[in-house]
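Survey of secondary and tertiary structure
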2 protein chains.
Amino acid sequence: MKSVRQAAVIVDSNVAALHAATATESIQSAGMAATAIIFPAGEEHKNLSTYSRLMDSLLALRPAVDRDAVVVALGGGVCGDLAGFVAATALRGLRWVQCPTTLLADVDASVGGKTAVDHPVGKNLIGAFHQPSAVLIDVLALRTLPARQISNGLAECVKHALIADAAGLDFLETHAGQLLEAQPDLTARLIAHDVAIKAKVVSADEREAGIRAHLNFGHTLGHAIEASVGLGRILHGEAVSLGMVAACRLAAQRGLIGADLAARVESLLLRLGLPTHQEGLDVGAVESIMQHDKKARAGRLRLVLPVGLGRVDVFDDIPPQQVRQAVASLGQ
Amino acid sequence: MKSVRQAAVIVDSNVAALHAATATESIQSAGMAATAIIFPAGEEHKNLSTYSRLMDSLLALRPAVDRDAVVVALGGGVCGDLAGFVAATALRGLRWVQCPTTLLADVDASVGGKTAVDHPVGKNLIGAFHQPSAVLIDVLALRTLPARQISNGLAECVKHALIADAAGLDFLETHAGQLLEAQPDLTARLIAHDVAIKAKVVSADEREAGIRAHLNFGHTLGHAIEASVGLGRILHGEAVSLGMVAACRLAAQRGLIGADLAARVESLLLRLGLPTHQEGLDVGAVESIMQHDKKARAGRLRLVLPVGLGRVDVFDDIPPQQVRQAVASLGQ
């Protein structure tokens, strides 16, 4: 690889107003050309149509954009997914650097090399595995985030603790208040810790054949809840929170964990500003969407359930009526 | 990987009429579900818009299309590029099987794992590297091809001979007549031989960092000629033929090869029904398009030129006026 001469900074309209000039000027001061490419903020724009327009803007920079060019994804998870997919497929793969600006992207999207756009049939159905060359996380960027967005990221931290790290649950319980305020030192410790957990799982299993599936804890249910409630009406971490609550209740009912652990998780989620209850949840819609989830293989639903503190396992033999009952409990 | 339950056969409207029923029935008789997905024939449809519609049709087959599903590309190079890119990016990567139905696809597109669509700015600018699980070549399918399409494929065979296989040039000269008629035994020998050459180059250098660039012999010029003449007015192999003629003349002028080898190549191309001359070629347009070619790095044109019989090398120091003169000679 030769040195970078041209960087394309892909950024949504909200983040552009806060950070685009800083980013492009910083790159330019290092002697490279940098151009910001802006797309409209909002998960509803994470689709092939936005992808196609981003590609138009990127390729309009030819010949400056050649195989040595670098894509910079500056923003939250939607931006990383979109810009990463552009990088994965422009000129059959450009290098990219991820600069997450939300806690959720810091601890989740920044590790694993998953890129994607949504399709009307389901989320993240079109994409590629494409590892970034570097990830730059600045915890001070979190200070521009509303509290609800901090909670959104903390849901993934709870997930990491539950699947692989019993001590992490203590850390979250001890520091819940300061973490909600994005206190820089504690937040940096949390991010470093969570990135390490996710990196360990992902590097053991980059293409999700085995234990990477553990990261889907709360997500098979969560994605379906998110889709049934409607994009934009519930945040990803909130849906995952509900998914984890349902999974814990189901696990407790099957005797995989004690009711005390399920209650402890719910209590922590509430302290972190996350929901354990969703008014008017459409259980039939959630079920039907889960059947279309790409994590279903050959039509059989696979669920990740806790089997102890910091341990999960994959199950594909849960009776549908038990799943339905756990989902229904979220709306009661 | 689990066994395949659902195959999606992606095929253009021309090939569908000839072979789609045979292919889907053959898959079904092996106990799998198979659905044909048809797109309009013609390179002008190798774009993001067709890709998006193919993705819609594929994802409409969910949940039957899950991670164990297989995409079958049944057709020529356009179909392989399009269907391969769909496979590379549906659910972040499905397995795919390539069933080429043209000689060009047999000897070229079937090896290397390159998938792509075109963009108004240039050919193949959006795509991915995604190796097929299997390639099935039936030489009898070539009997449905017009003669011009056989010549189109033979241009790549001449290219392979010139970059890596001096003996291949003899084979083509000896059997030119029978190869033009797609005589099955000789054609099968030729394909096996050419696939082995390309596979050797590609496996040594899957991501085109080094010697894979040799495969671009005749292509940097050829792509620019193809774009300047207009898609659909000249076949890929015809443009590559012109590109090779210009490259050989340029190499002879610089003393890299003798004028006798350049003349021998031109004579063979003519016998194989390929052009060595293009009336009214717009030299300025060709030059300008080459500058936008993705094979230009940091704005510098890289050309592959012959340096002997069966040997080429990459040059990035050819004076533009020499390139212009060689291109102009094609129109005189």
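All values reported here derive from a predicted model rather than from experimental measurement.

Conventions adopted
- Residues numbered from 1 in each chain as written.
- Chains lettered and ligands numbered in written order.
- Predicted model: local features only at pLDDT ≥ 70, side-chain atom pairs only at ≥ 80, totals over all residues.
- Heavy atoms only, no water.
- Helix = DSSP H or I, 4+ residues; strand = E, 2+ residues; numbered from the N terminus.
- Buried < 20%, exposed > 50% of the residue type's maximum accessible area, 1.4 Å probe, protein only.
- Polar contact = N/O pair within 3.5 Å; in protein donor to acceptor, adjacent residues only side chain to side chain.
- Contact = heavy atoms within 4.5 Å.
- Axes fitted to C-alpha atoms, helices over the stretch in contact; angles between N-to-C directions.
- Parallel < 35°, antiparallel > 145°, perpendicular 65-115°, else oblique.
- Left-handed = near helix turned anticlockwise from the far one by under 90°.
- Nonpolar A, V, L, I, M, F, W, Y, C, P; charged D, E, K, R; others polar.
- Pairing = 2+ DSSP bridges.
- Right-handed = clockwise from strand over helix to strand, strands pointing away.

1. Here we look at the side chain of A:H119
Assignment of secondary structure puts A:H119 in strand β5 (residues 114-119). Classification of A:H119 as buried rests on a relative accessible area of 10%. A polar atom in the side chain of A:H119 sits 2.6 Å from the side chain of B:D56. Sequence-distant contacts of A:H119, that is, excluding residues within four places in its chain, are made with A:L125, A:I126, B:M55, B:D56 and B:L59.

2. What to know about unusual backbone geometry
Cis geometry is found at the peptide bond from A:R62 to A:P63, where omega equals 5°. Mapped onto the elements of the fold, A:P63 is located in the loop between α2 (48-59) and β3 (70-75). With a phi angle near 55°, B:A182 is a residue other than glycine that sits in the positive phi range. When you line up the elements, B:A182 lands in the loop between α6 (166-180) and α7 (184-204). Assessed through its relative accessible area of 6%, B:A182 is described here as buried.

3. Topic: the packing of helix α8 (residues 219-229) of chain B against helix α11 (residues 283-292) of chain B
Between two packed helices, what matters for the description is the angle formed by their axes and the separation of those axes. Residues and elements named next belong to chain B. In the contact formed by α8 and α11, the axes pass within 8 Å of each other and the chain directions differ by 120°. Considered as vectors, α8 and α11 are oriented oblique to each other. The interaxial crossing formed by α8 with α11 has right-handed handedness. Residues T220, L221, A224, I225, A227 and S228 of α8 lie in contact with α11, whose contacting residues are A285, V286, I289 and M290. Of the residues in the contact of α8 with α11, the class split is 8 nonpolar, 2 polar and no charged.

4. Here we look at the pairing of strand β1 (residues 6-12) of chain A
Residues and elements named next belong to chain A. Of all 7 residues making up β1, 7 are buried, and the element is well covered by its neighbours. On β1, burial covers both faces: Q6, A8, I10 and D12 on one face and A7, V9 and V11 on the other are all buried. Strand direction decides the pairing type here: β1 and strand β2 (residues 33-39), joined by 7 bridges, are parallel. Looking across to β2, one finds that V9 is bridged to A36. Handedness of the β-α-β unit built from β1, helix α1 (residues 13-29) and β2 comes out right-handed. When β1 meets β3, the two strands line up parallel, connected through 5 bridges. When the sheet's bridge partners are listed, A7 is paired in β3 with V70.

So far we have only geometry, and geometry alone does not tell us how the molecule works.
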